[in-house]
Amino acid sequence: MIVGVTLFGFSLTLLAYILAKAVYKRIRIPFLLPVLTATASIMILLTVFNVSYETYYIGAQWFDHLLGPAVVALALPLYRQLPLVIKYLRTILVSVSIGAVIGVSTGLLLAGELGVKEELQLSIVPKSVTAPVAMDVAASLGGVPALAAVFVAVAGIGGSVISSYIFQLAHIHHPLARGIGLGCASHAIGTAKALEYGEQEGAISSIAMTISAIVVSIIAPLLVFLLY
């Protein structure tokens, strides 16, 4: 029974992503980003066939274990583009720090203006950093780690989807600008999107994602203290 349930969750996730990626290769529309369409497809299937998330996750959890190695693998393009990173290191540090402050403060202010509960507001704070860091930061502030993970996913997918339109409208073509924007705003999912543009964008995005996580961990408690 356990083996069957495990294979179900694992196979469903893998198949959904493979099909979503195949569609994305043929129809290059941002809203058909594989992580978005695969997630939506799985949600619909689980709802239609009345399968609980807990049952599905028994098999799907194995993909969580691959997240660590996948992030570590980003070191390769970073190593290849090390001269570029060193050349623009000051620009990267300043830009990501400013982006992190804006990301945290605007999230708090918008949530406050909308009148959502304080617990929910504190869960929104680390939305732009990778999930493990965001969950720890949210917990330390008094937020809900599970909700923080949801906001991280929304920020990652949303940023990756609209980035193409923003870059086009604002005429942003430089690898540094694209990489910093995606890594700072949309963490690992944004970094995967950045790699579609090129290795330079992916390398910059990976370091922006890392620096953003560090900066948010430091400034989030301070900003919460000042705004509350």
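The numbers attached to residues start from 1 for each chain and follow its sequence in the written order. Residues qualify for local features only when their pLDDT is at least 70, as the model is predicted, and side-chain atom pairs are given and counted only at 80 or more; totals for whole chains, interfaces and linings, by contrast, use all residues. As a rule here, side-chain values cover all heavy atoms of the structure and leave hydrogens and water aside.

**Quick notes on the environment of Ala131**
In step 1: For helices the rule is a DSSP run of H or I covering at least 4 residues; for strands it is a run of E covering at least 2, with both sets numbered from the N terminus onward. If you trace the backbone, Ala131 turns up in helix 9 (residues 131-141).
In step 2: For the exposure calls, accessible area comes from a 1.4 Å probe over protein chains only, and a residue counts as buried if that area is under 20% of its type's maximum, exposed if over 50%, partly exposed in between. When its relative accessible area of 24% is taken as the criterion, Ala131 is described as partly exposed.

**Thoughts on the nonpolar core**
In step 1: Among the buried residues, those of types Ala, Val, Leu, Ile, Met, Phe, Trp, Tyr and Cys that are joined through side-chain atoms within 4.5 Å form a nonpolar core. In terms of nonpolar packing, the biggest core is built from 28 residues, with Ile92, Val96, Val125, Leu141 and Ile204 touching the most fellow members.
In step 2: Secondary structure elements with two or more residues in this core: helix 6 (82-87), helix 7 (89-113), helix 9, helix 11 (175-197) and helix 12 (199-227).
In step 3: Looking at this core element by element, the count peaks at 11 residues for helix 12.
In step 4: Sequence-distant contacts of Ile204, that is, excluding residues within four places in its chain, are made with Leu84, Val85, Ile92, Leu176, Gly179 and Ile180.
In step 5: Judged by nonpolar contacts, the second largest core, of eight residues, contains Leu12, Ala20, Ile42 and Leu46. Two residues form a contact once any of their heavy atoms are found within 4.5 Å.

**Considerations on the packing of aromatic side chains**
In step 1: Side-chain rings of Phe, Tyr and Trp, where Trp is taken by its six-membered ring, are said to pair if the distance between their centres is within 6.5 Å; with planes under 30 degrees apart they count as stacked, over 60 as edge-to-face, and otherwise as tilted. Across all of its chains, the model carries five aromatic pairs by this definition.
In step 2: Ring geometry for Phe10 against Phe63: centres 4.8 Å apart, planes inclined by 15°, an arrangement best described as stacked. Residue Phe10 is located in helix 1 (residues 2-26), and its partner Phe63 is located in helix 3 (residues 53-64); the two are separated by 53 residues in the primary sequence.
In step 3: According to the relative accessible area criterion, Phe10 is partly exposed, its value standing at 31%.
In step 4: In this structure Phe63 comes out as partly exposed when scored by relative accessible area, which is 25%.
In step 5: Note on Phe167 and Tyr197: the rings are 5.7 Å apart at their centroids and 65° apart in plane angle, and the pair reads as edge-to-face.

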